Amino acid sequence: GAVVSQHPSWVICKSGTSVKIECRSLDFQATTMFWYRQFPKQSLMLMATSNEGSKATYEQGVEKDKFLINHASLTLSTLTVTSAHPEDSSFYICSARTGDAIIEQFFGPGTRLTVL
Amino acid sequence: GQNIDQPTEMTATEGAIVQINCTYQTSGFNGLFWYQQHAGEAPTFLSYNVLDGLEEKGRFSSFLSRSKGYSYLLLKELQMKDSASYLCAVNDYKLSFGAGTTVTVRA
């Protein structure tokens, strides 16, 4: 149980285009989902916290107009990188947590984004 | 703010023991996680400590001292597949990660 999927697993796009990444909890309802970004040889940096049915809470320094997060259902959250630039190239990872278990987060496999 | 420190790299031989230390200064605390991450993959859960003391799980053990803001992850009987990055993360409703310790296991 507690499986989280991400789609796509990797994507290459041109500078200036937008890319959407999906995060799904496959066998549980995720009241809260988190989006992280990880640059090579660095740790995970939390970008935003997403609660179902409400606006995402962004961490300091993360542009909410550039990284659009939608958590429309208890099993799906999406991250859209708008007007992508090469510096947005990174490994994006989502995690999900149920309302009952406030402790453990279940991580998705990650999405490798490369912006040319 | 959150400040979580762990060594950058460690090297050990197969069959040996390695201890990865983590010190933290955070505004809140609701437990500490250790994760293993292989390159290009998502983190996988190893252990969770919320009370002081040692938690043992097979070859992996984790220790916590809340008064000292200190934890360690102990890896015993090292195997080549244990070569990975090990992340210390403090939980305060959301997770704050350390930079990770890259462990290289040599034959």
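Here, every reference points to the structure presented above.
Calculation criteria
- Residues numbered from 1 in each chain as written.
- Chains lettered and ligands numbered in written order.
- Predicted model: local features only at pLDDT ≥ 70, side-chain atom pairs only at ≥ 80, totals over all residues.
- Heavy atoms only, no water.
- Helix = DSSP H or I, 4+ residues; strand = E, 2+ residues; numbered from the N terminus.
- Rg over C-alpha atoms; globule rule 2.2 N^0.38 Å.
- Buried < 20%, exposed > 50% of the residue type's maximum accessible area, 1.4 Å probe, protein only.
- Contact = heavy atoms within 4.5 Å.
- Areas by Shrake-Rupley, 256 points an atom, 1.4 Å probe, with all protein chains shown as cover.
- Lys, Arg positive; Asp, Glu negative; His and termini not counted.
- Charge placed at Lys NZ, Arg CZ, Asp CG, Glu CD.
- Salt bridge = Lys/Arg side-chain N within 4 Å of Asp/Glu carboxyl O.
- Nonpolar A, V, L, I, M, F, W, Y, C, P; charged D, E, K, R; others polar.
- Phe/Tyr/Trp six-rings, centres within 6.5 Å; stacked < 30°, edge-to-face > 60°.
- Lys NZ or Arg CZ within 6 Å of the ring centre and 35° of its normal.
- Disulfide = S-S within 2.5 Å.

As a further point, take the overall build of chain B. Secondary structure summary: chain B contains zero helices and eleven strands in total. Listing each helix as α and each strand as β along chain B from the N terminus yields β-β-β-β-β-β-β-β-β-β-β. In terms of C-alpha radius of gyration, chain B reaches 13 Å, essentially the compact-globule figure of 13 Å for 107 residues. Taken along the three principal axes of its C-alpha coordinates, chain B extends 40 × 30 × 20 Å. The buried share among the 107 residues of chain B stands at 49%. Put simply, 53% of the contacts in chain B that link residues at least 6 apart link residues at least 24 apart. Accessible surface computed for chain B: about 5200 Å², of which carbon and sulfur atoms make up 49%. Here chain B contributes 8 positively and 10 negatively charged side chains, and the mean placements of these two sets differ by 2 Å.

All names here are of chain B. Assignment of secondary structure puts Asn 3 in strand 1 (residues 3–5). Asn 3 gets classed as partly exposed once you look at its relative accessible area, which sits at 36%. Taking the C-alpha atoms as reference points, Asn 3 and Lys 94, 91 residues apart in sequence, are found 14 Å from one another. If near-sequence neighbours (up to four positions away) are discounted, Asn 3 is found in contact with Thr 23, Tyr 24, Gln 25 and Thr 26.

On the chain A side, the residues contacting the 18 residues of chain B number 21 residues. Linking chain B with chain A are one salt bridge, by the criterion used here. Taken together, the elements giving at least two residues each to the side of chain B that touches chain A come down to strand 4 (32–37), strand 5 (44–49), strand 9 (84–92) and strand 10 (94–97) of chain B. Tallied by class, residues from the side of chain B that touches chain A come to eleven nonpolar, five polar and two charged.

Attention shifts here to the packing of aromatic side chains. Counted under the stated rule, the structure contains 16 aromatic pairs over all chains. Between Tyr35(B) and Phe97(B) the ring centres are 5.8 Å apart and the planes differ by 45 degrees, which places this aromatic pair in the tilted class. Here Tyr35(B) is found in strand 4, whereas its partner Phe97(B) is found in strand 10, with 62 residues between them in sequence. The class for Tyr35(B) is buried, based on a relative accessible area of 1%. Looking at Phe97(B), the relative accessible area reads 12%, which means it is buried. One aromatic cluster is present, formed by Phe34(A), Tyr36(A), Phe107(A), Phe33(B), Tyr35(B), Phe45(B), Tyr48(B) and Phe97(B) through successive ring pairs. Seen from the ring of Phe67(A), Lys66(A) lies directly overhead, with NZ or CZ sitting 5.9 Å from the centre.

Per the counting criterion, the structure on display carries two disulfides over all chains. Paired through a disulfide, Cys23(A) and Cys94(A) show a sulfur-sulfur distance of 2.0 Å. Judged by the sign of its S-S torsion, about 80 degrees, the bond between Cys23(A) and Cys94(A) is right-handed. In this pair, Cys23(A) sits in strand 3 (residues 19–25) while Cys94(A) sits in strand 9 (residues 90–97), placing the two residues 71 residues apart along the sequence. With relative accessibility at 0%, the residue Cys23(A) sits in the buried group. Note on Cys94(A): relative accessible area 0%, which makes it buried. Linked covalently through their sulfurs, Cys22(B) and Cys88(B) form a disulfide whose S-S length is 2.0 Å. Given an S-S torsion of about -65 degrees, the disulfide between Cys22(B) and Cys88(B) has left-handed geometry. Linking Cys22(B) in strand 3 (residues 18–25) with Cys88(B) in strand 9, this pair joins segments that are 66 residues apart in sequence.

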